[in-house]
Amino acid sequence: MTEQPNNPLHGITLKDLLTELVERYGWEELARRVNINCFKKDPSIKSSLTFLRRTPWARAEVEELYVRLKKSPWNH
């Protein structure tokens, strides 16, 4: 495995990232922050992972939200 010190997502799976966001915000707030239907209607980790893996723009938005959460001074 190559070191990637400047990549905040290095070593984090999409499932772990999504699970942490859901635990932090809940589905309703997550849907408000990232406007995609899989977070609004009958949300689940499994269905959301399927959608995010097939939809690069949505995955990028979720990853960006995660990075902002991790860089937030209120996260610690």
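What counts, and at which threshold
- Residues numbered from 1 in each chain as written.
- Predicted model: local features only at pLDDT ≥ 70, side-chain atom pairs only at ≥ 80, totals over all residues.
- Heavy atoms only, no water.
- Helix = DSSP H or I, 4+ residues; strand = E, 2+ residues; numbered from the N terminus.
- Rg over C-alpha atoms; globule rule 2.2 N^0.38 Å.
- Buried < 20%, exposed > 50% of the residue type's maximum accessible area, 1.4 Å probe, protein only.
- Contact = heavy atoms within 4.5 Å.
- Areas by Shrake-Rupley, 256 points an atom, 1.4 Å probe, with all protein chains shown as cover.
- Lys, Arg positive; Asp, Glu negative; His and termini not counted.
- Charge placed at Lys NZ, Arg CZ, Asp CG, Glu CD.

Caption draft 1: Local environment of the overall build of the protein chain. A count of helical and extended segments in the protein chain gives three helices and zero strands. The linear arrangement of helices and strands in the protein chain, starting from the amino end, is α-α-α. For a compact globule of 76 residues, the expected C-alpha radius of gyration is about 11 Å, and the protein chain comes in at 13 Å, within 12% of that figure. Principal-axis analysis of the C-alpha atoms places the extent of the protein chain at approximately 40 × 30 × 20 Å. For the protein chain, buried positions account for 32% of its 76 residues. Pairs at least 24 apart in sequence give 51% of the contacts found in the protein chain among residues at least 6 apart. Summed over its atoms, the accessible surface of the protein chain is roughly 5500 Å², and 49% of this surface lies on carbon and sulfur atoms. When the 13 basic and 10 acidic side-chain charges of the protein chain are each reduced to a single mean position, those positions are 3 Å apart.

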